[in-house]
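Okay, here's what each chain looks like letter by letter:
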Amino acid sequence: GQGSSHGDPLGAYLEREVRPRLGSSGEDLLIASSIFDELDIGRAEAMGATDARSWFAELRTAGGPAVWAPDGSGMRLHPAVRPALFLWPKYPWP
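Let me sum up the structure you'll find in this document. Remember, predicted model here, so these are calculated numbers, not experimental data. (Residues numbered from 1 in each chain as written. Predicted model: local features only at pLDDT ≥ 70, side-chain atom pairs only at ≥ 80, totals over all residues. Heavy atoms only, no water.)

## A closer look at the overall build of the protein chain
Of regular secondary structure, the protein chain possesses five helices and three strands. Along the protein chain, from the amino end to the carboxyl end, the secondary structure elements read α-α-β-α-α-β-β-α. Within the protein chain, the fraction of its 94 residues that count as buried is 35%. Put simply, of all contacts in the protein chain between residues at least 6 apart along the chain, 56% involve residues at least 24 apart. Carbon and sulfur atoms make up 55% of the accessible area of the protein chain, which totals about 5300 Å². (Helix = DSSP H or I, 4+ residues; strand = E, 2+ residues; numbered from the N terminus. Buried < 20%, exposed > 50% of the residue type's maximum accessible area, 1.4 Å probe, protein only. Contact = heavy atoms within 4.5 Å. Areas by Shrake-Rupley, 256 points an atom, 1.4 Å probe, with all protein chains shown as cover.)

Shown next, in the form of structure tokens:
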């Protein structure tokens with residue numbers, strides 16, 4: 001929600017800039033991907049991405065803070081993103 005990132009610039013950026021540019025499935029995958037250090041096409045598809053390469057491109061275009069594989073086949077989220085995603089109300093784990 002709007003107040004969940006108060007005092008957290010990265011969380012505020014994710015909510016203000018990245019989250020609105022992702023569809024519901026893209027948001028779900030971003031949240032789920034936060035449990036991994038690195039995410040490749042195989043892992044993303046195992047999590048439910050029907051077209052992982054397109055999802056990576058969508059996240060990259062949305063400004064997702066990550067290090068991207070040059071060929072678009074994977075990513076590594078910025079280390080500070082993972083705890084910021086835990087604050088999102090939609091996050092599935094307590």
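Text resumes after the structure shown.
## Here we look at the sheet that holds strand β1 (residues 39-40)
Read from one edge of the open sheet, three strands run β1-β3-β2, paired in antiparallel fashion. In this open sheet, the two strands that pair with only one neighbour each are β1 and β2 (66-68). Direction of pairing for β2 relative to strand β3 (residues 74-77): antiparallel, over a ladder of three bridges. Note that in β3 the partner of valine 67 across the bridge is arginine 76. Where helix α4 (residues 52-61) meets the sheet, its contacts fall on β1, β2 and β3, and the angle it forms with β3 comes to roughly 40 degrees. (Pairing = 2+ DSSP bridges. Axes fitted to C-alpha atoms, helices over the stretch in contact; angles between N-to-C directions.)

In short, the description is geometric, and any link to function would need to be established separately.
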